[in-house]
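# Chain and residue survey
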Amino acid sequence: MFNLKIGATAAYTYAFRGTAINLNDYLISIKTLPELGIYNFDLEILQPQHVAIYESKDNIKRLKETLANNKVNVVGFTAWACVELIHSIKEENQQHGYQLFAKIARIARDFNAEYIHLGSDMISEYIVQRDSTYVAAPVTKVAIPDSLSYQNILDDYAKRLAKLAQIAQDNGLKFSIEPRANSLICGADSFMDIYRRAGHSNLYCCLDVVHCAFHRENLPIAIEKVSQRLLVFQLCNAIPGQMIHYPLAEGSIEIKPILRALRKINFQGYLMLEIYRSGKDNKDIVDSWYKEGMAMIKKEELK
């Protein structure tokens, strides 16, 4: 039998609350997830104001009690609030980003998380336009000065990721970076290139169906390319060229070959459902997406 560690990312909560996420939304999510057959969850600090959720001892106590009472584990922590800072050309922004990342890493460690996660992006000051599908969606237009070498940009970026990998390691966490459409890391090949440049053993990959599908990357092949560096696989369905994280039964991507590829590499990481649109859907609808997704995975897992 192929045993996967299956869970849901914080996008589950974002799907029905958007950026208005607060402590109560996470408590409700934790109580609901077991009803959907999900017991692994990752928490997220999406924007700087969300750090406040974890600065209160009472909030931490309520979160931990709710997790324990519902037998839900926090396996990962997404430090999305750091993305723009880490991808800035300004040294002061980068340093602020490292400090915020370290703070989030300490929070993740307190919840006994296994990994901390960040998404790749383009250099902040070179972004002209972003996709409008969801908050912080990938760029659609960039303007890189002609005087700059893209290879040098990648070398510098690799050094930044090595610093983050070390911060994570110092806190007993694995660090996964997510290739995203039109970003400095945009697929399996570019992850492996950055991994070699960074030269840090604590740098892992998080593949997301949507971002691979955007560039029409073959997902089973992408999984094999990354292989043992794959720590997290974010599962949804997708339509190439779009940024919507569709339910598994929708979209144009075949799910079965993905699960077969994970089995082929003896995937030991986390398969995390990540299904959402704009953050404005009804919770009952969101629940049905995740419940049906779990049922589909479990059916394949038993084959």
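Read on for a plain summary of the structure. These numbers come from a predicted model, not from an experiment.

Rules used in this analysis
- Residues numbered from 1 in each chain as written.
- Predicted model: local features only at pLDDT ≥ 70, side-chain atom pairs only at ≥ 80, totals over all residues.
- Heavy atoms only, no water.
- Salt bridge = Lys/Arg side-chain N within 4 Å of Asp/Glu carboxyl O.
- Helix = DSSP H or I, 4+ residues; strand = E, 2+ residues; numbered from the N terminus.
- Buried < 20%, exposed > 50% of the residue type's maximum accessible area, 1.4 Å probe, protein only.
- Contact = heavy atoms within 4.5 Å.
- Core = buried A, V, L, I, M, F, W, Y, C linked by side-chain atoms within 4.5 Å.
- Arc of directions from axis to C-beta.
- Polar contact = N/O pair within 3.5 Å; in protein donor to acceptor, adjacent residues only side chain to side chain.
- Phe/Tyr/Trp six-rings, centres within 6.5 Å; stacked < 30°, edge-to-face > 60°.
- Lys NZ or Arg CZ within 6 Å of the ring centre and 35° of its normal.
- Axes fitted to C-alpha atoms, helices over the stretch in contact; angles between N-to-C directions.
- Parallel < 35°, antiparallel > 145°, perpendicular 65-115°, else oblique.
- Left-handed = near helix turned anticlockwise from the far one by under 90°.
- Nonpolar A, V, L, I, M, F, W, Y, C, P; charged D, E, K, R; others polar.
- Pairing = 2+ DSSP bridges.
- Right-handed = clockwise from strand over helix to strand, strands pointing away.

Once that is clear, we can look at the pattern of salt bridges. The final tally for this structure, using the stated rule, is 14 salt bridges. A salt bridge links lysine 103 to glutamate 55; the nearest nitrogen and oxygen atoms lie 2.7 Å apart. Residue lysine 103 is located in helix α5 (residues 91-110), and its partner glutamate 55 is located in the loop between β2 (40-44) and α3 (57-69); the two are separated by 48 residues in the primary sequence. The network of salt bridges with shared partners includes Asp121, Arg130 and Arg180.

Our next topic: helix α7 (residues 188-198). Here α7 has its buried residues at Ala188, Ser190, Phe191, Met192, Ile194 and Ala198. On its buried face, α7 is in contact with α6 (150-170), β7 (174-178), β8 (203-208) and α9 (219-226). Following α7 by one or two positions, glycine 199 has its phi on the positive side, about 65°.

Formed by 112 residues in total, the largest nonpolar core has its most connected members in Tyr54, Phe175, Phe233 and Tyr290. Once you skip the residues sitting within four places of it in the chain, tyrosine 54 turns out to touch Tyr26, Leu43, Glu44, Ile45, Ile60, Leu63, Phe77, Ile107 and Phe111. Judged by nonpolar contacts, the second largest core, of 8 residues, contains Val75, Cys206, Tyr270 and Met272.

Bringing α9 into the picture now. Listed as buried for α9 are Leu219, Ala222, Ile223 and Val226. The buried residues of α9 occupy an angular sector of 100° when projected down its axis, which confines them to one face. Contacts from the buried residues of α9 go to α7, β8, α8 (209-214), β9 (230-235) and α10 (255-264). The distance from a side-chain oxygen at the start of α9 to the backbone nitrogen of isoleucine 221 is 3.0 Å, and the residue carrying that oxygen is asparagine 218. Following α9 by one or two positions, serine 227 has its phi on the positive side, about 50°.

Our focus in this paragraph is the packing of aromatic side chains. Applying the stated criterion to the full structure yields 11 aromatic pairs. Aromatic pair phenylalanine 77 and phenylalanine 111: ring centres 6.3 Å apart, planes at 45°, arrangement tilted. Placement of the pair is phenylalanine 77 in strand β3 (residues 73-78) and phenylalanine 111 in the loop between α5 and β4 (115-119), with a sequence separation of 34 residues. With respect to burial, phenylalanine 77 and phenylalanine 111 carry one shared label: buried. Of note, lysine 5 hangs over the ring of tyrosine 270, and the distance from its end group to the ring centre comes to 4.5 Å. Here lysine 64 stacks its cationic end above the ring of phenylalanine 111, 5.7 Å away from the centre of that ring.

For the rest of this paragraph, the subject is the packing of α5 against α6. Two quantities define a packed helix pair, namely the angle between the helix axes and the distance between the axes. For the pair α5 and α6, interaxial distance at closest approach is 10 Å and the crossing angle is 25°. When the axis of α5 is compared with that of α6, the two are roughly parallel. Considering the relative orientation of α5 and α6, their crossing is right-handed. Contact residues: Gln94, Gln95, Tyr98, Phe101 and Ala102 in α5; Arg160, Lys163, Leu164, Ile167 and Ala168 in α6. Residue composition of the contact of α5 with α6, by class: 6 nonpolar, 2 polar and 2 charged.

The element β2 is largely enclosed, with a buried count of 5 among its 5 residues. For β2 and β3, the ladder comprises 5 bridges, and the chain directions are parallel. Looking at β3, one finds that asparagine 40 is bridged to asparagine 73. Between the parallel elements β2 and β3, the chain passes through α3 in a crossover that is right-handed.

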